[in-house]
Amino acid sequence: VQLQASGGGLVQAGGSLRLSCAASGRTFSSYAMGWFRQAPGKEREFVAAIRGSGFSTYYADSVKGRFTISRDNAKNTVDLQMNSLKPEDTAVYYCAAILSHLWAAGTPPQNLQEYDYWGQGTQVTVSS
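So, here is what we can say about the structure in this document. Fair warning: this is a prediction, and the values are worked out from it, not measured in the lab. (Residues numbered from 1 in each chain as written. Predicted model: local features only at pLDDT ≥ 70, side-chain atom pairs only at ≥ 80, totals over all residues. Heavy atoms only, no water.)

1. A look at the sheet that holds strand E1 (residues 3-6)
Strand order in the open sheet formed by 4 strands is E1-E3-E8-E7, with antiparallel pairing between adjacent strands. The strands lining the two open edges of the sheet, one partner per strand, are E1 and strand E7 (67-72). Within this sheet the neighbouring strands show an average axis-to-axis angle of 15 degrees, counted without direction. One ladder, built from 4 bridges, connects E1 with strand E3 (residues 17-23); its direction is antiparallel. Within E3, the residue paired with Ala5 across the bridge is Cys21. (Pairing = 2+ DSSP bridges. Helix = DSSP H or I, 4+ residues; strand = E, 2+ residues; numbered from the N terminus. Axes fitted to C-alpha atoms, helices over the stretch in contact; angles between N-to-C directions.)

2. Quick look at the environment of Cys95
Within the fold, Cys95 resides in strand E9 (residues 91-99). Assessed through its relative accessible area of 0%, Cys95 is described here as buried. Spatially, the C-alpha atom of Cys95 lies 9.4 Å from that of Ala49, the residues being 46 residues apart in sequence. (Buried < 20%, exposed > 50% of the residue type's maximum accessible area, 1.4 Å probe, protein only.)

Written out as structure tokens, the structure is:
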């Protein structure tokens, strides 16, 4: 699976951005998808994940209620709608894929090492 993230940019605090991740391959629905982010000088952190079916989602507490993850398995895409953006959301955002059976129940895997494929990242900058 190859992943290509896009949609980053510069936005003022309180604004919105929509990130998109396009995946290659015919088995996209076999993968749960996640979004991670890495701010300057910080470790990459989990943001959100969605099951292969799209029926279940999970969010980090820091973005819950502001971000929405969704996917379109017919188009092999996963999106991250980001609303009410804050300066602390500034980071490079990455999409990642993990085989669906590795998210068996409850919370999704949130360790970087558990994800099999990564996109190249897209910069999001939120000005105050």
